[in-house]
Amino acid sequence: MCSPSRDLRALLFALFILFCVPFESVGGVVEPQDTHALATQILVLGDSLSAAYGIDISQGWVHLLQRRLESRGFEHRVVNASISGETTRGGLARLEKTLDSVRPGIVIVALGGNDGLRGLSLVETRSNLAAILQTVIDHGARVVLVGMRLPPNYGPEYTQRFEAIYVELAKQFATPLVPFLLDGVAEDPSLMQLDGLHPRAEAQPALLDNVWVYLDALIP
């Protein structure tokens, strides 16, 4: 019997690869077998308020989110990419790499508080947050924007303009907005740590509830 021609051998080899070799992650590109798993990833991009500053990580609202999802039968896995002291500039700088690594279906953006507390340019803060939202959307993920408010000692003009950034961006990008992560908590000194900026462990369920109201509608 004559041996197959070179073109026929190439065709047979291609068919073998297509039908016999299982899908795997090659060169950093996630193949179809992982699509469902990636769609159920929830990424939290935040600062110390989401990084469980001053308390055990298992008491933080992000960890409690994972537990709530599990208790309600959701398959989602929460990836906490929050860093204490993070600014919008820092979050934007590491966003692409984080998205490529996690490939989330939903991203919770909870940044900006440190920008405001440091009195950074509101124009830059808005620009960074807008770039973060656009980048997340370009990666095919849905986004929840978490708003922040500043203490009154920063002056009414600055604090009002700061809070307005989140409202404006939520409208611009048509994304759900959590008005204030610390709603119902920041006003109660008994729920805050001694620094007056970070909530105690007892307050974390309230933070989760504040986010859950807007996140729940996005979860299939």
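Worth saying up front: this structure is predicted, and the values here are computed from it rather than measured.

**Student:** What am I meant to see in the overall build of the protein here?
**Tutor:** Within the protein one finds eight helices and five strands. Along its sequence from the N terminus, the protein presents helices and strands in the succession α-α-β-α-β-α-β-α-α-β-α-β-α. For the protein, the proportion of its 220 residues judged to be buried stands at 45%. In the protein, of all internal contacts separated by at least 6 residues, the share reaching a separation of at least 24 is 75%. For the protein, the computed accessible surface area is about 11800 Å², with 58% contributed by carbon and sulfur atoms.

**Student:** Just checking my understanding: could you explain the sheet that holds strand E5 (residues 177-178) for this structure?
**Tutor:** Strand pairs in the sheet, formed through backbone hydrogen bonds, run parallel or antiparallel to each other. Taken together, the five strands give an open sheet; going across it, the order is E2-E1-E3-E4-E5, and neighbouring strands pair in parallel fashion. Edge positions in the sheet fall to strand E2 (77-80) and E5, since each of these pairs with one other strand and no more. Relative to E5, strand E4 (residues 142-146) runs parallel, the two being bridged by two bridges. By the bridge assignment, Leu145 is partnered in E5 with Leu177. This element, helix H3 (residues 61-71), spans strand E1 (41-46), E2 and strand E3 (106-110) of the sheet and lies at about 170 degrees to E2.

**Student:** Just to check I follow, could you spell out the nonpolar core for this structure?
**Tutor:** As a rule of thumb, soluble globular proteins bury nonpolar side chains together. Among the nonpolar cores identified, the biggest contains 58 residues, and Trp61, Leu65, Ile108 and Leu215 are the most heavily contacted of them. Not counting the four nearest positions on each side in its chain, Trp61 is found in contact with Val44, Leu49, Ser50, Ile108, Leu181, Gln204, Leu207, Leu208 and Val211.

**Student:** What am I meant to see in the side chain of Asn210 here?
**Tutor:** With respect to the secondary-structure elements, Asn210 resides in helix H8 (residues 204-215). Beyond its immediate chain neighbours, meaning those up to four positions away, Asn210 contacts Val178, Phe180, Leu181, Leu182 and Asp183.

**Student:** Honestly, the packing of aromatic side chains in this entry has me stumped. Any pointers?
**Tutor:** A ring pair, where both rings are aromatic, is described by two values, the distance of the centres and the angle of the planes. Throughout the structure, instances matching the rule amount to two aromatic pairs. Aromatic side chains Tyr154 and Tyr158 sit 6.4 Å apart centroid to centroid with 25 degrees between the ring planes, which places their arrangement in the stacked category. Overall, the relative accessible area of 28% leaves Tyr154 in the partly exposed class. Ring centres 5.6 Å apart and planes at 70 degrees place the aromatic pair Phe162 and Tyr166 in the edge-to-face group. Of this pair, Phe162 and Tyr166 both sit in helix H7 (residues 156-172), four residues apart, which is roughly one turn of the helix. In this structure, Phe162 and Tyr166 share a single accessibility class: buried.

**Student:** Hey, could you run me through the confidence of the model for the protein in this one?
**Tutor:** When pLDDT drops low, the exact placement of atoms in the prediction is not to be read closely. Looking at the protein as a whole, its pLDDT mean stands at 87, while 83% of the residues score no less than 70. With pLDDT under 50 throughout, residues 1-37 is counted as low confidence; its partners more than four residues away or in other chains account for 15 contacts.

Basis of the calculations
- Residues numbered from 1 in each chain as written.
- Predicted model: local features only at pLDDT ≥ 70, side-chain atom pairs only at ≥ 80, totals over all residues.
- Heavy atoms only, no water.
- Helix = DSSP H or I, 4+ residues; strand = E, 2+ residues; numbered from the N terminus.
- Buried < 20%, exposed > 50% of the residue type's maximum accessible area, 1.4 Å probe, protein only.
- Contact = heavy atoms within 4.5 Å.
- Areas by Shrake-Rupley, 256 points an atom, 1.4 Å probe, with all protein chains shown as cover.
- Pairing = 2+ DSSP bridges.
- Axes fitted to C-alpha atoms, helices over the stretch in contact; angles between N-to-C directions.
- Core = buried A, V, L, I, M, F, W, Y, C linked by side-chain atoms within 4.5 Å.
- Phe/Tyr/Trp six-rings, centres within 6.5 Å; stacked < 30°, edge-to-face > 60°.
- pLDDT = per-residue confidence, 0-100.

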